[in-house]
Amino acid sequence: MTLAWSPSRRAPLGVYLHIPFCRQRCAYCSFNTGPYRPAAMDRFLSALLEEIDLVGEAVWAGDVAIGTVFFGGGTPSLLDPIELETILDRLRKRFALDPGAEVTVECNPESLTRAKAEGYRLAGVNRLSLGVQSLDDDLLGRLGRLHSSGDARKAFEAARSAGVDNVSLDLMYGLPGQDVARWESTVREVLAWRPEHLSAYALTLDEGSRWAGEGVAGLPDEETVTAQYWALARLAREAGYEHYEISNYARRGFTSRHNQVYWRAEEYLAFGPGACGFLGDVRYGNVKPVERYCTMLEAGRLPLGTHEVLTPAQRKAEKVILGLRLSDGVPLAWLEDARSLVETWASLGLLQVAGDRCRLTEAGFLLSDSLFVHLL
Amino acid sequence: MALSRIRNFSIVAHIDHGKSTLADRLLALTGAMDPKKAVDQVLDSMDLERERGITIKQHTVRLPYRAQDGQEYTLNLIDTPGHVDFSYEVSRSLAACEGALLIVDAAQGVEAQTLANFYLALEANLAIIPVINKIDLPQADVEGTRRQIAEVLGLDPGEALLISAKLGTGVPEVLEAIVHRIPPPPGDPAGPLKALVFDSFYDPYQGVVVYVRIFEGRVRAGMPALLMSNGRVYEVQQVGVFTPEMKPVEELAAGQVGYLTAGIKRVADAKVGETISDANRPTARAFPGYRDAKPMVFAGLYPVEDTAYQSLRDALDKLRLNDSALTFEPETSLALGYGFRCGFLGLLHMEIVQERLEREFGLALIVTSPSVRYRVITTAGETVEIENPSKLPPTGQIDHIEEPFVRSSVFAPTEFMNPIYRLAQDKRGEHRSLEYLGKRVHITFDFPLSEIIVDFYDRLKSISKGYASFDYDFLEFRPSDMVKLDILLNGDPVDALSVIVHRDKAYEKGKTLAEKLRAVIPRQMFEVAIQAAIGSRVIARETVKAIRKNVTAKCYGGDITRKRKLLEKQKEGKKRMKQLGKVEVPQEAFLSVLKS
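Quick summary incoming for the structure in this document. Residue numbers restart at each chain and count upward from 1, following the sequence in its written direction. Ligands are numbered from 1 and chains lettered from A, in the order in which they are written. Since the coordinates come from a predicted model, pLDDT governs what is reported: local features require at least 70, and pairs of side-chain atoms require 80 or more to be given and counted, while whole-chain, interface and lining totals use all residues. Each side-chain value is worked out from all heavy atoms of the structure, with water and hydrogens disregarded.

A word on the packing of aromatic side chains
All names here are of chain B. Two rings belonging to Phe, Tyr or Trp (six-membered ring only in the last case) form a pair when the distance between their centres is within 6.5 Å. Interplanar angles under 30 degrees mark stacking, angles over 60 mark edge-to-face geometry, and anything in between is tilted. One pass over the structure, following the stated rule, counts 26 aromatic pairs over all chains. On the basis of an interplanar angle of 55° and a centroid distance of 5.2 Å, the ring pair of Phe242 and Tyr259 is categorised as tilted. In this pair, Phe242 is assigned in strand β12 (residues 238–242) and Tyr259 in strand β15 (residues 257–261), connecting sequence segments 17 residues apart. Both residues of the pair, Phe242 and Tyr259, count as buried. Secondary structure counts use DSSP, requiring at least four H or I residues in a row for a helix and at least two E residues in a row for a strand, with both numbered from the N terminus. When a residue's accessible area, from a 1.4 Å probe over protein chains only, is under 20% of the maximum for its type it is buried; when over 50% it is exposed; and in between it is partly exposed.

Pasting the structure below:
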């Protein structure tokens, strides 16, 4: 039994693989991840390969190119290079993995050595995304990260010396006790490393995280978080980075191809517990518990948990909402029904109309949810 | 059935004294309802009634009863609403009866509505049977309650029945008392038809179902029914009784209570108080008309979406089929667009109408702050009646304003007298009389109606720990020093938020209003200034700061659905927002004016 849905067109697909283990759960994390145990990892990997095989049985599988692969988590850098290579090989066997595909692995600084980075590169990985989060050791401790700022620096250098020439760094702001000055110093230092790509997210207390459950003291006020956003935007611009998506910055030519699959409402496959895919007009998600995910695959069944068929109106709304996350924006024609909203936002400096395209300004990015709500 | 075997009666009581429970007991005991199938309190059939535990629309049911004398009787129970807003409806039901059970809670004693209902029953010349309920409660004070029945109501305390409707204790004796103490209905079944309409409801299949009490003659299907007030003739399609379900019967004769349908399209065509007769043999004398339901409280109802205006009109039309006390006429507001100025019996009535419109018709509504009807005497000597604060003439044209006053009764334990007097003073009440009834007092005040329509009752309940009860009746219009208080959002007056207040209270009211609005108006993309003003003088100001950021977390691992659902949830919240200029104002904003 394979997937019931098929891609709507012959364009390359993205692939997301979820590695659902961490050595320690971070205080802010609400993602689908559990404690790392070698035995659990082994069982999971067998199940993952089985899932690739099952989905690979689809009649279209051999014909549709895979343009991007993203290992997310959890902590994908818990995989040793051999394991990662096995997974990629299985993908190559079942699907037409594009030789030029962007293959990204999320790494935690403490688990990335030069040898591992090199092993990943030799297995076919050409992009690493490093979870630096902060260069403030105090904050890293509070976040529940296992690395120090020194470890982050070493991991970045390990990636570089292993020959990985496309590295992205993840940062967080709006953290407890983090003022604008502390944030700026992290940003300045990180930019000085000259990574190709930078993602920076303001902290949100999501349901399922420890901080959402227990509460957390010392959160900066809205003014501070807003100032942090603008500080980053300014420093990144000065350093030659393009603010190409609400939370993402890149040097020329290094925008994330995989994430653009999401933002352009293109199609992608999902593997691993809780992973979400999009095929045709169906968004689907796998079951979240690792145990259940493995059991289902061991019984030869796809681990589907949920799916929803998008109406044409929902599809259209998604394309607009996701597209406006990008600095490219969307064709103005897509906002035909929201003319007065466009005018209002343009008059507030939150949106720009240039020729036949419409895009959010950096000020607009900051308030994008308010606009998106109207566009649903 | 001979008239001597018919009894028509109502049950009247203060709220929560056990009227519905007793009604259920009577139904079960007479077999009108299978106890196994009993849904609690069947007579309260509207969902809203059940949720709020009050009866709004009255219901009627026929109870077959074999009395201890061995004879079969038909007891027609006409249920009555139990809230101060609906005393008018109570009076309609009572006119169709010969007797009433007056229930008094043994733990609470005589309350304000006990007294009000007692007077209504007296006016209708009914035989009154006092019933002391809840005698099973540990705090029941039967002797004290008996004394109050004698002292406050002037009834013979020896005649009071002692019951527990909850347990069924004493209920068989109630049935016997109905048979023996309430007179059978008068009337000649052979005379020309004379039937009184005491209620009606609209049924989508049969048209208006008219509740009738037959006083003379008989009515059956096929007869040409003459509505005496307007001379219209309808062919009677069905007559029947309530068992409590509607059950067709061959005919209804003098003394009986039941329903008829005659293809009548609107409730307004067969008004309460109407006399129905036989077009072939009309009665010589119609009943004097009932007094019309007079709306006391007015508010604007506006659809959140302009496009829903027609739906709102249709829905109001439909509600009016069933609710002759509801009035409405189109009005426009600069802020809210097209809507209706509606008249209600009171605030509860207003809330019920609003809830039914939202629940049964799926409308999203904005209700403007309720107002009473003011009388404005202009400098030109004309009198203008104003139900909408924004329609108040310019100050220069006003000679003076008169506002409606009510005379009210408050019953409470003596220890709450001080807070009650303080509340009354705060509400511009004028003390009229004070009467000690053992450990309780009966105080009468005159109040401006505008002061008691909103939160008076809640506050009275709260300062008296729930022990005080309250009832009122319209008294007269009196001159008062009233001013119009306007609310401005970013400098633009919002007509729908204007209120008329007494000058002495304007400053405080303006301040409270601005504060409340600040609390309910969500932050927007820009700063929102809220001002309260009398004429051009700003008396209070508050600011809602602009939102600075709302970027949510990453769209992780392509879980777009989750992100979309979060946004959809926010959008759901927006549905109840009204765009006033550029400012989005939630429905609660209008409500907060109402509650302050």
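So, helix α3 (residues 114–123) of chain A
Residues and elements named next belong to chain A. Taken together, the buried positions of α3 are Lys116, Ala117, Gly119, Tyr120 and Ala123. End-on view of α3: buried residues confined to an arc of 160°, all on one side of the axis. Among the exposed residues of α3, those pointing more than 90 degrees away from its buried face are Ala115 and Leu122. Contact between two residues is taken to exist if any of their heavy atoms lie within 4.5 Å; hydrogens are not considered. Contacts made by the buried residues of α3 are with α2 (81–94), β5 (96–107), β6 (127–133) and α5 (149–161). One or two residues past the end of α3 sits Gly124, with phi positive at roughly 120°. Directions are taken from the helix axis to each C-beta atom, and the arc is the one they span.

Thoughts on the packing of helix α6 (residues 180–192) of chain A against helix α8 (residues 222–238) of chain A
All names here are of chain A. With axes taken as lines fitted to C-alpha atoms, and helix axes fitted only over the stretch in contact, angles between N-to-C directions fall between 0 and 180 degrees. For the pair α6 and α8, interaxial distance at closest approach is 10 Å and the crossing angle is 25°. Overall, the two elements α6 and α8 adopt an arrangement that is roughly parallel. Helix-helix and strand crossings are classified by hand; for α6 and α8 the assignment is right-handed. Side by side, α6 and α8 meet where Val180, Trp183, Glu184, Val187, Arg188 and Leu191 of the first sit next to Thr224, Ala227, Gln228, Ala231, Leu232, Arg234, Leu235 and Ala236 of the second. Residues are grouped as follows: Ala, Val, Leu, Ile, Met, Phe, Trp, Tyr, Cys and Pro are nonpolar; Asp, Glu, Lys and Arg are charged; every other residue, Gly included, is polar. Classifying every residue of the contact of α6 with α8 by side-chain character gives 9 nonpolar, 2 polar and 3 charged. Working definition: roughly parallel below 35 degrees, roughly antiparallel above 145 degrees, roughly perpendicular at 65 to 115 degrees, and oblique for all remaining angles. Note: crossing handedness is left-handed where the near helix turns anticlockwise from the far helix by less than a right angle, and right-handed where it turns clockwise.

Digging into the interface of chain B and chain A
At the junction of the two partners, chain B supplies 29 residues and chain A supplies 42 residues. Here chain B packs against chain A, burying approximately 3,300 Å² in sum over the two surfaces, 59% of which is carbon and sulfur. Here, a salt bridge means any Lys or Arg side-chain nitrogen found within 4 Å of an Asp or Glu carboxyl oxygen. Inspection of the chain B/chain A interface yields 5 salt bridges. Between Lys563 of chain B and Asp369 of chain A there is a salt bridge, and its shortest N-O distance comes to 3.2 Å. For this analysis, a polar contact is any N or O atom pair within 3.5 Å, provided that within protein one partner can donate a hydrogen and the other can accept it, and provided that sequence-adjacent residues contribute only side-chain to side-chain pairs. Taken together, chain B and chain A are joined by 12 residue pairs in polar contact (both at pLDDT 80 or more). By residue number, the principal contributor to the side of chain B that touches chain A is helix α13 (residues 560–574) of chain B, which donates 11 residues. Each residue belonging to the side of chain B that touches chain A can be placed in one class, and the counts come to 9 nonpolar, 6 polar and 14 charged. Throughout, the accessible surface (probe 1.4 Å) given up by two parts as they are put together, summed over both, is called the buried area.

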